[in-house]
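Listed here are the chains, written in short residue letters.
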Amino acid sequence: MNKDIEISEADSRHFYTLTVLTKQFFPYANFSFDEIKRRTSTRNVKYLVAKLDSNTVGFTDFEIIPETPENASLCKLMGLAVLEEHRGKGIAKKLLEKVVEEAKKAGCAKVFLLVADDNAVAIKLYSSLGFISKGKTEKKLGEKHVLLMEKPL
Ligand SMILES: CC(C)(COP(=O)(O)OP(=O)(O)OC[C@H]1O[C@@H](n2cnc3c(N)ncnc32)[C@H](O)[C@@H]1OP(=O)(O)O)[C@@H](O)C(=O)NCCC(=O)NCCS
């Protein structure tokens, strides 16, 4: 594990990079700069960035869904991406560990996410961190089937 990786909450200095990374890895989300800016100031949505030698090399965003009379609070993991040249250094793992920590702090019962069922690398990453596949959902990403994975806290 690379000790020089720093995880922090994104701020206005990261909007541009987050827009570029989101367009590159999640083009179907179609988020503009203004949308990223709006989302970072949305209550319950948080963006985390991973820095290596002061450069932003990855990010994740998640939403805390507040408790209702029927359900405990939940944490929905949305984007997670690391620049290709910095993969395999434990950066995504560090980002996810921070999400889990924040979800626990917010009293969430679980963290859940959707992942394309052919994304073997991401599925292995999530499984290694204790996420369990709950099977395919109705949702599709283009032609791809989507798995629901969750980690009870
Ligand atoms: C998925 C992704 C975020 C992983 O980022 P990363 O920083 O390289 O992952 P890490 O180095 O933290 O890897 C942690 C664990 O994930 C798994 N993993 C990561 N890369 C892997 C690979 N190429 N092959 C197999 N397993 C892999 C391993 O279990 C690894 O643990 P280990 O190194 O102890 O074996 C990165 O590949 C990525 O950005 N992909 C494109 C975007 C994407 O698919 N995001 C997920 C959408 S749901």
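Every chain begins its residue count from 1, and numbering advances along the sequence as written. Selection of residues for local features in this predicted model requires a pLDDT of at least 70, selection of side-chain atom pairs for listing and counting requires 80 or more, and totals for whole chains, interfaces and linings are taken over all residues.

Draft legend 1. Here's a closer look at the sheet that holds strand β2 (residues 45-52). One open sheet accounts for 7 strands, arranged β1-β2-β3-β4-β5-β7-β6; its pairing is mixed. Edge strands, defined here as strands with exactly one partner in the open sheet, are β1 (5-9) and β6 (132-141). Averaged over all pairs of adjacent strands, the angle between their axes in this sheet comes to 25 degrees, without regard to strand direction. When DSSP locates at least two bridges between a pair of strands, those strands are taken to pair. Each helix corresponds to a stretch of at least 4 residues labelled H or I by DSSP, and each strand to a stretch of at least 2 residues labelled E; elements are numbered beginning at the N terminus. Of the pairings in the sheet, the one linking strand β5 (residues 110-116) to strand β7 (residues 144-152) comprises 7 bridges and is antiparallel in character. By the bridge assignment for β7, Lys110 is matched with Pro152. In this description, a line fitted to the C-alpha atoms serves as the axis of each element, helices being fitted only across the stretch in contact, and the angle between N-to-C directions of two axes falls anywhere from 0 to 180 degrees.

Draft legend 2. Up close: the site of the ligand. A molecule or strand has a residue near it when that residue's C-beta atom, placed from backbone coordinates, lies within 6 Å of it. By nearness alone, 18 residues border the ligand, and Arg87, Ile91, Ala92, Lys93 and Leu125 come closest of all. If one sorts the elements of the shell around the ligand by residue count, helix α4 (residues 120-128) sits on top with 5 residues. Its residues assigned to classes, the shell around the ligand comprises 10 nonpolar, 4 polar and 4 charged. Each residue gets one label: Ala, Val, Leu, Ile, Met, Phe, Trp, Tyr, Cys and Pro are nonpolar, Asp, Glu, Lys and Arg are charged, and the others, such as Gly, are polar.

Draft legend 3. Summary view of the environment of Pro66. Tracing the backbone shows Pro66 in the loop between β3 (55-65) and β4 (74-82). Among the residues examined, Pro66 registers 14 C-beta atoms within 10 Å and is labelled partly exposed. Between the alpha carbons of Pro66 and Ala106 there is a distance of 8.9 Å; along the sequence they are 40 residues apart. Leave out the neighbours within four places in its chain, and Pro66 touches Asn44 and Ser73. Residues with at least 20 neighbouring C-beta atoms inside 10 Å of their own are called buried, those with 12 or fewer are called exposed, and the rest are partly exposed, where every C-beta is derived from the backbone. Residues are treated as contacting if the C-beta atoms built from their backbones sit within 7 Å of each other.

Draft legend 4. Expanded view of the nonpolar core. Each nonpolar core consists of buried Ala, Val, Leu, Ile, Met, Phe, Trp, Tyr and Cys residues. Their C-beta atoms, within 7 Å, join them into a set. In this structure, Phe59, Cys75, Leu77, Leu95, Val99 and Val111 are the most contacted members of the largest nonpolar core, which totals 33 residues. Residue assignment for this core shows that the elements contributing at least two residues are α1 (15-25), β2, β3, β4, α3 (91-105), β5 and β7. When residues in this core are grouped by element, the largest group, 7 residues, is from α3. What Leu77 contacts, discounting residues up to four positions off in sequence, is Thr60, Phe62, Val99, Val111 and Leu113.

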